[in-house]
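Read off the chains here:
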Amino acid sequence: MVESMIQVEGLEKSFWDESRGEIRAVDGIDFDCRPGEVFGLLGANGAGKTTTLRMLATILKPTGGRASLNGHDVFSEPEAVRRSLGFFSASTALYPRLTGRETLEFFARINQYPSERVPERVGALIERFGIAEYANARVEKLSSGMKQKISIARTIAHDPPVLIFDEPTVGLDVLAALEMQRVVGELRDEGKTIILSTHIMSEAEKLCDRIGIIDRGRMLALGTLDEHRRATGQHYLEDIFVHFVMANLSDDEGATADIGSPSTSETIR
Amino acid sequence: MSGEPPSRGNRSVLLTLFRYEIKRLIRDTRTVLIAIVAPLVLIPGMIFVMRAVERSEERRLDDTVYEYAVTGDEAEWGRAVLAAALEREANDPDTTTGAVRFEERADADADSLLGAGAIHVVVEALSPETYERIRAEEAAEADTETESELSLPTLRLRHRGQSDFSRNAAERLGNRMAEVRSELRDSVYRAGGFPVAIQQVAAVTTENTASAQREGGALLGLALTPFLLFLMLSGGSIMAVDTISGEKERGTLETLLTTAAARSDIVKAKMMGIIAVGISVAAINILNLLLYLVLGVVELPERFVIALSPMDPLLILILFLPLTVLVASALLLLSGYAKSYKEYQLYLFPLLFVFLVPSLVAMLPGMDLRSAIVLFPIAGIGVAVREIMIGEYDWTFLMLAFASTGGAAWWGARLTERTLSMERLISASDLDEADLTGGPALFPRHVLRWFGVMWVTFLVVSLWFGEALGVRGQIVVNILIIMFGGSLLMIRLYGLDAKTVFAFRTVHPAVWLAVLIGIPSGYIVGIGLSGLVNTYLFPVPQNVLEAFGESLLGDDMPLWQLVIMLTVIPGIFEELTFRGALLHGLRKTFGPVAVCLVAGAIFGLFHVSLFRILPTAYLGVLFAAVVLMTGSIFPAMLWHFGNNFIALVPLQLGWVTGETPVPWWAYAAGLAGLVVTFSIVWTVRTPYPDLKEKRPKEFL
Amino acid sequence: MQKENLRRPATVNWQDIWILYRRELRSAFRERTIVANSILMPIFLYPVMLWVMFTAMMFVSGLADRATSRIMLVDAPSGHAVLMDTLENRSNLDILAAVGSDSAVALIQAGELDALLTFLPPDTEGDRFAENFRIVIHYDRAVERSRRASDRIEGIVDDYRDAWVDSEAAQLGIAATDRGQFRILQDNVSSGEDMGALLLGIMIPSFLVLMVALGCLVPAIDSTAGERERSTWETLMTVSASRLSIVTAKYLYVATLGITAGVLNVTAMFVSLGAVMGPLLAGVGAEFQFSLPFLALPVMIVAAVALALFFAAAMMILAAFARSFKDGQAMAQPVVLLALLPMVLGQQTDQTLTPTIAAIPVANAAMMIRDAINGVFLWPLIAETLAVLLVMVALCLLLARAVLQFEDLLLGSYDGSFWRFAKERLINRNGSEPTARAEQGVV
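Residues numbered from 1 in each chain as written. Chains lettered and ligands numbered in written order. Predicted model: local features only at pLDDT ≥ 70, side-chain atom pairs only at ≥ 80, totals over all residues.

Peer 1: Hey, could you run me through the overall build of chain A in this one?
Peer 2: On a plain count of helices and strands, chain A comes out with 10 helices and 10 strands. Burial status across chain A gives 48% buried among its 269 residues. Sequence separation of at least 24 residues holds for 68% of the intrachain contacts in chain A that already meet a minimum separation of 6. (Helix = DSSP H or I, 4+ residues; strand = E, 2+ residues; numbered from the N terminus. Buried ≥ 20, exposed ≤ 12 C-beta atoms within 10 Å, placed from the backbone. Contact = placed C-beta atoms within 7 Å.)

Peer 1: Whenever I open this one, the overall build of chain C confuses me. Can you help?
Peer 2: When helices and strands are tallied, chain C shows 18 helices and five strands. The buried share among the 443 residues of chain C stands at 37%. A separation threshold of at least 6 residues defines the contact pool for chain C, and within that pool the share at least 24 residues apart is 77%.

Peer 1: It is not clear to me how the pairing of strand 3 (residues 38-43) of chain A should be interpreted in this structure. Could you clarify?
Peer 2: Along a regular strand, successive side chains alternate from one face of the sheet to the other. Residue and element names in this part refer to chain A. The element strand 3 is largely enclosed, with a buried count of six among its six residues. Bridge count for strand 3 against strand 8 (residues 193-198) is five bridges, and the pairing is parallel. Pairing of L42 across the sheet is with T198, part of strand 8. As paired strands, strand 3 and strand 9 (residues 210-215) are joined by five bridges and run parallel to one another. The residue bridging G40 from the neighbouring strand is I211, located in strand 9. (Pairing = 2+ DSSP bridges.)

Peer 1: Which parts of the structure should I look at to understand the interface of chain C and chain B?
Peer 2: Much of the literature gives interface size as the accessible area that the parts lose upon coming together. At the interface, 86 residues of chain C touch 81 residues of chain B. Strand direction decides the pairing type here: strand 4 (residues 154-159) of chain B and strand 5 (residues 183-188) of chain C, joined by six bridges, are parallel. Note on strand 5 of chain C: the bridge partner recorded for B:L155 is C:I184.

Peer 1: Mind showing me how you'd approach the sheet that holds strand 1 (residues 69-74) of chain C here?
Peer 2: What holds strands together in a sheet is hydrogen bonding between their backbones, with the strands either parallel or antiparallel. The five strands are arranged 5(B)-4(C)-3(C)-1(C)-2(C) in an open sheet whose pairing can be described as mixed. Edge positions in the open sheet fall to strand 5 (203-208) of chain B together with strand 2 (93-96) of chain C, since each of these has one partner strand only. Adjacent strand axes in the sheet meet at a mean angle of 25°, parallel and antiparallel pairs treated alike. Summarising the sheet, strand 1 of chain C and strand 2 of chain C pair through four bridges and their orientation is parallel. Considered in strand 2 of chain C, the bridge of C:M72 is made with C:L96. In the packing of helix 5 (residues 101-110) of chain C onto the sheet, the strands contacted are strand 1, strand 3 (115-120) and strand 4 (134-139) of chain C, and the crossing angle to strand 3 of chain C comes to about 155°. (Axes fitted to C-alpha atoms, helices over the stretch in contact; angles between N-to-C directions.)

Peer 1: Honestly, the environment of C:M72 in this entry has me stumped. Any pointers?
Peer 2: Residues and elements named next belong to chain C. Note that M72 resides in strand 1. M72 gets classed as buried once you count the C-beta atoms within 10 Å, which come to 22. Between the C-alpha atoms of M72 and V391, which are 319 residues apart in sequence, the distance is 71 Å. When sequence neighbours within four positions are dropped, the list of residues in contact with M72 reads L96, A98, A104, L113, L116 and L117.

Peer 1: Explanation requested: the environment of B:L300 in the structure shown.
Peer 2: Residue and element names in this part refer to chain B. Among the structural elements, L300 can be located in the loop between helix 9 (263-295) and helix 10 (311-337). Taking the C-beta count within 10 Å as the criterion, L300 has 12 such neighbours and is therefore assigned exposed. Along the chain, L300 and H159 lie 141 residues apart, while their C-alpha atoms are 34 Å from each other.

Peer 1: How should the sheet that holds strand 3 (residues 121-126) of chain B be read in this particular structure?
Peer 2: Reading across the sheet, the five strands line up as 2(B)-1(B)-3(B)-4(B)-5(C) and stay open at both edges, with mixed pairing between neighbours. Two strands lie at the open edges of the sheet, namely strand 2 (101-104) of chain B together with strand 5 of chain C, each paired on one side alone. Adjacent strand axes in the sheet meet at a mean angle of 25° when their direction is disregarded. Strand direction decides the pairing type here: strand 1 (residues 65-71) of chain B and strand 2 of chain B, joined by four bridges, are parallel. Considered in strand 2 of chain B, the bridge of B:E67 is made with B:E103. The sheet strands contacting helix 6 (residues 164-191) of chain B are strand 1, strand 3 and strand 4 of chain B together with strand 5 of chain C, and the helix crosses strand 4 of chain B at an angle near 165°.

Peer 1: Help me understand the nonpolar core, please; the structure alone is not making it clear to me.
Peer 2: Side chains of nonpolar character tend, in soluble globular proteins, to be buried together. In terms of nonpolar packing, the biggest core is built from 285 residues, with C:V212, C:F311, C:A312 and C:M315 touching the most fellow members. For this core, the element with the highest residue contribution is helix 11 (residues 296-319) of chain C, accounting for 19 residues. (Core = buried A, V, L, I, M, F, W, Y, C linked by C-beta atoms within 7 Å.)

Peer 1: Explain the packing of helix 9 of chain B against helix 13 (residues 395-421) of chain B to me, please; I cannot follow it from the model alone.
Peer 2: When two helices pack together, you describe them by how their axes are tilted relative to each other and by the distance separating the axes. Residue and element names in this part refer to chain B. Their axes nearest at 10 Å, the elements helix 9 and helix 13 cross at an angle of 125°. On the basis of the axis angle, helix 9 is oblique to helix 13. Helix-helix and strand crossings are classified by hand; for helix 9 and helix 13 the assignment is right-handed. Between helix 9 and helix 13, the contacting residues are R263, S264, V267 and M271 on the first element and A413, T416, E417, L420 and S421 on the second. Among the residues forming the contact of helix 9 with helix 13, the class breakdown is four nonpolar, three polar and two charged. (Parallel < 35°, antiparallel > 145°, perpendicular 65-115°, else oblique. Left-handed = near helix turned anticlockwise from the far one by under 90°. Nonpolar A, V, L, I, M, F, W, Y, C, P; charged D, E, K, R; others polar.)

Peer 1: How should I be thinking about the pairing of strand 9 of chain A in this particular structure?
Peer 2: Residues and elements named next belong to chain A. Most of strand 9 sits out of view: five of its six residues are buried. As defined by bridge partners, strand 9 adjoins strand 10 (residues 218-223) across five bridges and the pair is classed as antiparallel. Note on strand 10: the bridge partner recorded for I211 is G223. Between the end of strand 9 and the start of strand 10, which pair antiparallel, lie two residues, with R216 showing a positive phi angle near 50°.

Peer 1: What am I meant to see in the environment of B:I318 here?
Peer 2: Turning to its location among the elements, B:I318 is positioned in helix 10. With 84 residues separating them in the primary sequence, B:I318 and B:F402 have C-alpha atoms 8.2 Å apart.

Peer 1: Which parts of the structure should I look at to understand helix 1 (residues 49-56) of chain A?
Peer 2: Quick reminder: α-helices carry 3.6 residues per turn. Residues three or four places apart thus point the same way. Residue and element names in this part refer to chain A. The element helix 1 is extensively covered by neighbouring structure, given that eight of its eight residues are classed as buried. Listed as buried for helix 1 are K49, T50, T51, T52, L53, R54, M55 and L56. Following helix 1 by one or two positions, T58 adopts a phi angle in the positive range, close to 60°.

Peer 1: Please explain the packing of helix 8 (residues 192-229) of chain C against helix 11 of chain C as it appears in this structure.
Peer 2: All names here are of chain C. One way to put it is that helix 8 packs onto helix 11 with a least axis distance of 8 Å and a crossing angle of 35°. Crossing geometry of helix 8 relative to helix 11 is assigned as right-handed. Listed contacts from helix 11 to L208, V209, V212, A213, C216, L217, A220, I221, T224 and A225 of helix 8 are M300, A304, L307, A308, F311, A312, M315, M316 and A319. Broken down by class, the residue content of the contact of helix 8 with helix 11 amounts to 18 nonpolar, one polar and no charged.

This is the structure in structure tokens:
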């Protein structure tokens, strides 16, 4: 029995707004990730992807449900969770006044990578990403492409078994995006468990082993691309996505039209 | 659902975080240059220039040849006195450049020369009769009475107060003339048979028991704490401004949060960073100051001797330890709340006040320094440092000071850690419906600002136009126009419903009974409170109390008018403003108890004089409580009216005076009455609708 | 490409400038820090501060009056009942039981006694006066309470001495007028307005200069470095208005806020001063009336405008290189030091504008304002002052124009460093393409 690397059960996140009361950003999500797979979270802006991922990264505390990562519960062992995790997001930035090398060293140390092996590890990362030329220049002086490389490097600086990429290719040009995708593939081949959230369909199609579709705080569908295709009768992920989202919409609005086959409703929730 | 387990903390992670915070700061060369290095040169430079300018001014005053003219019907005698005075000046100079020189200008129209500034002083020598005449004339013009005075010849030194030179000349001449006069008096007395010189009667000498070191220490001790505190606040801010608000702006905070470092470690490391930078900056500045002292660029006042035993700096350092932690917590908290670098700076200014004002407490006259003041954080340290500098080592005292500020520091650090762990702070998003739709939902957000503006308007009008308006005018302008008019304006601008805002609702009949009991009870207790405040907290000079009473009632208005002005109008319109508009605006922002306190405090502040603030605030709290419990403004109106009525009418009718003592049992009865009142109100309560809901625990 | 930029005529479209200017103002008034600094602070701060000061002074004087002095009497002579009565009945004196003088001094040093009053027999000369005595007051000069006790005792003794000597002299037949000799009075002929003008002339000029500078600071940084930080700079570069129009609109916006801040601050201060200080000082016996000569107002406003134009230009040029608000502030803040010049140079009494002073920028404006407040209008020198200020403004604008021609500045190169720019561009003067820096990663 393959143990799940990541297990999420009934995860909920509500925010309290002074005038509107409780707002549910994440409304009961279940999924799990097996070791060495790339799990894709697909959803529109505001669907709850980022919130879910932040809960997994223990930046936010769930208001319901459970989640565990690499055998550690996000509630009771948050530091252990973060030690096993590398989190990459478009909104996580680098410290401008540190050099590339120092950045890698810092994040390795602070994530409790054994300190005697840090220099070696940093050297290896620099070589792997080919940033030796400017490793000793301050980050603020680098171009965005170089910054991106350093960002990825610092994400895996402490060699975590789990990686989360939250919309990693947003704002990147074609070549840079391809490079990012290549790295993700490489990391998967090394046996890392990866959650990738995106709203770029082609990326999800290419990289993900399984895809979960999120809309309005709920997981609408979960499975491999083929499973989705069979469930909806659509071929392209884009159409599959629209299918599920529309169904969710009309479900909420009380329409009785039955969209899709009975197996569809099984995968829902 | 359990909370995060107590963080065990990890020493090496903490040190790594700390090292990198410092490293990043040092690399910000621009900030280091401008915030740390530049002031080291600029501030002594400015002090030096200012001193140089001051000294050249002094020299100018001493070097000038002052011109004077002699007028009056006893001019010859005047010249004689003047000659004697100038001789004394020439023989006994007390300035560094020698005697101050005077020259006479003989001119017919001395007064206009004086007015034009062409001469410095006009010495008017008047015979007794002429002086009497002039005085009577001036009194008639100014419509004042004159007291009878001894009939003496008079020397009037007429000068232009707006000119430093003129003032200086007149003062100098006056002093020398006084010396001449003393001599003359002495000789007259001697000639008349007085056995000794006047100064030898009941001769007084003063002996200073304080050594020079003690004096110097006392002076330094006063200034040391505020000075160091300021350095730490500004120095610590160099780190603090960036450490959370800056990181938030740049997005690096989130990166940090995804690492394995415990939240508490992150907070501790940042606090350590602030402390380190604050202390370094303070130390650098002190050394710098010492350097400039040695170089002579900055001078100490004369007779300033400092003698510190080796233990003193150590003691002061220990005392400052909890203070630095408190400062660091406050700065870090500020950084957490500010959403950007700019905002941090905006809020820093009031924070400086909050810290510096208590540290100045040692400068208050008449404060018994060995007193309960030591239990106040910050203030206690200020006082303790001064004691050390004087050479008093009262260990209990010092330990109390350390403990009180230490306690505050510990509490501050815990608060900071807890607050900064709150998700809301770190991932703040403040968009919510009120921002989008505006209108009534925006009112609670803005109500305090409005009342702030009203308060300032009120203050300026009272101070600027108070006298001209008289009691009637003031009531009309302040209460009707500013307070009530402001409330109406708010209702209009935010599209609110007047009935809801003003809480026009009916109440249970029992409430009226309760209020009737409450009126005299509240009043008596209020008197007691005023007395307590006056004795222990804010002693007010007697003349101010009297002046206030007169200003309010001095207008000789008929009683019925006074009743309307001082009881009916406030009773209605102040209630509508404070327990209506203000209460309505605050109801969503604070819990019920806090609303009463805040509304009461604001009401108190509108009664500007110091000694009226607390008693008025107390009433404000009572009224707010009644409104919250009954949901209606009418009981409060009745109570307010009744309270003012009792305060006014018996006094006016002469049944009591300001001196009538209140027996102790009356206070007890008053308290009992209040308890009864609120019990009744509570029992039949119809709470104010739509109050703030308590945030459910999981969202904390 | 570069040469084309240099040769393109600078077009100024006042329509565009108006639109851009309004937009800048609108954004500014929605920005909490700018509103707080330029508008709320003047309105709130002065009345509140003066009220606080007033209340604090009342509190302090109440404390001072209230505090009783603990004194001790040693060897009080028997014959001076009046003196003893006065000492005992004075409400702010508390007479403690006497102990030996050495212990008493120790008590003073320990802070438990405020003053020791020792009566001694008169010296040989003073002995000629019947029932004469000497007094020694021991007190601790380091402690304010002790000083006050000593002063109080001295005051009582002085009064007693005067009365005693007077009655003795009267008994000896010395006439009262002989005892008084003559009267010396100080008579201030300056009117209340003159005195008020003195005080205003001390406070307002340096204050106005500083407030204009501070009012310009945040808008100047925000509209240049701040825009870059928010990434709206580039957006702005793509609109159809000319670069010059954009920059002019920003400049006028910054100057507007500077003038507003200066004028509001001074008005608020003037209003509060008059309302609070006037009565306060009257209580002390000085007569102060706060009013301004009619012509002073336009002079002050013109000065504010000239200063604002100068400060705005200087600050914006420096801040334009920075890439973040923080850096921009570090670069522009030194200009505020210039505004401190009048305060540092201090008050020269009886000084008015002279040709030399009129030639020093900023200080000349302060002196001009001070003169105006005192009702002194030296028109030629005022003209010189304004001319000097406008020359400074013109220099700044020329510098700005020279600097803005370079695209690299607009795109944000030179790592936000004015010095590197100056070095590479203006000093080296090679006019060639800028060295290819890491252009792609421009923030």
